[in-house]
Amino acid sequence: MTLFLSLAAYPLSAQEAARPKAPSRDEAPASRPAPKPVTLDDLFDRLAKAGSEREAEGIANLIERRFSRSGSDTADLLLSRATEAFTEKDYPLAIELLDRVLALQPNWAEAWYRRATVFYQIDDPVGAMADLHRALKIEPRHFNAWTGLGHILMASDDKARALEAYRRVLKINPQATSVQTIVSHLLPDVDGQDL
């Protein structure tokens, strides 16, 4: 019987030795510093240095998501409703909702860009250009606004200024292949062809 009890106690004592010790109150647990939040500037730096079109698209999507948040739940909701109205081709409603967004958040570049897009769809290039200029004054790195401005300038046959706008896009996002193609077609018209 004693032999049985001593054998039964052996594995228990071996288990005790193998258990990790809990840190004492004097020992501070190893703590890692909290990761630094990724800023919009960080994302633009990454976009400029992207090694592939796919990588650039992913980063551009992150930037666009940041652009789509104003900090106001009401303005964000109105913008999403304006986007739905735009998708359903209810342009008057989209403009009305975007007007309300801009009354709440006049320094929100994305809202100006979105309203410019609606204006362009209803064949109001003057209104669209005015809103694009407002968007770019607020956020000069808004590559979609530069692209929209380039398209409007191309449609009005102002190829030199369109080329300038598209070059701004490529400075921000060098991997934008659709814009690269437009620039390569515009260069001979604007700068002339080499002989």
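Remember, it's a predicted structure, so these values are computed and weren't measured experimentally. (Residues numbered from 1 in each chain as written. Predicted model: local features only at pLDDT ≥ 70, side-chain atom pairs only at ≥ 80, totals over all residues. Heavy atoms only, no water.)

Quick look at the environment of Phe67 now. Inspection of the secondary structure puts Phe67 in helix H3 (residues 53-67). Classification of Phe67 by relative accessible area gives buried; the value is 7%. Separated by 44 residues in the primary sequence, Phe67 and Ala111 have C-alpha atoms spaced 9.0 Å apart. (Helix = DSSP H or I, 4+ residues; strand = E, 2+ residues; numbered from the N terminus. Buried < 20%, exposed > 50% of the residue type's maximum accessible area, 1.4 Å probe, protein only.)

For the structure shown, the criterion picks out 4 aromatic pairs. Ring geometry for Phe44 versus Phe143: centroids 6.5 Å apart, planes at 70°, classification edge-to-face. Of this pair, Phe44 sits in helix H2 (residues 40-48) while Phe143 sits in helix H8 (residues 143-155), and the two are 99 residues apart along the sequence. We classify Phe44 as buried; its relative accessible area is 6%. Taken together, a centroid distance of 6.4 Å and an interplanar angle of 40° make the contact between Phe67 and Phe143 tilted. Linking Phe67 in helix H3 with Phe143 in helix H8, this pair joins segments that are 76 residues apart in sequence. Of the two residues examined, Phe67 and Phe143, each falls in the buried class. An aromatic cluster is built from Phe44, Phe67 and Phe143, whose rings are joined through pairwise contacts. (Phe/Tyr/Trp six-rings, centres within 6.5 Å; stacked < 30°, edge-to-face > 60°.)

Bringing H2 into the picture now. All buried positions along H2 are accounted for by Leu43, Phe44 and Leu47. One face of H2 carries all of its buried residues, which in axial projection span an arc of 100°. Buried residues belonging to H2 abut H3, H8 and helix H9 (159-172). (Arc of directions from axis to C-beta. Contact = heavy atoms within 4.5 Å.)

Once that is clear, we can look at the packing of helix H4 (residues 73-87) against helix H6 (residues 109-121). Between H4 and H6, the least distance of the axes is 11 Å, while the angle of their chain directions is 20°. It follows from the interaxial angle that H4 and H6 lie roughly parallel. The element H4 and its partner H6 pack so that their crossing is left-handed. Counted together, Leu79, Thr83 and Phe86 of H4 and Ala111, Arg114, Thr117, Val118 and Gln121 of H6 form the full contact between these two elements. Taken together, the residues of the contact of H4 with H6 sort by class into 4 nonpolar, 3 polar and 1 charged. (Axes fitted to C-alpha atoms, helices over the stretch in contact; angles between N-to-C directions. Parallel < 35°, antiparallel > 145°, perpendicular 65-115°, else oblique. Left-handed = near helix turned anticlockwise from the far one by under 90°. Nonpolar A, V, L, I, M, F, W, Y, C, P; charged D, E, K, R; others polar.)

Without other data, these values stay purely geometric and don't point to any function.
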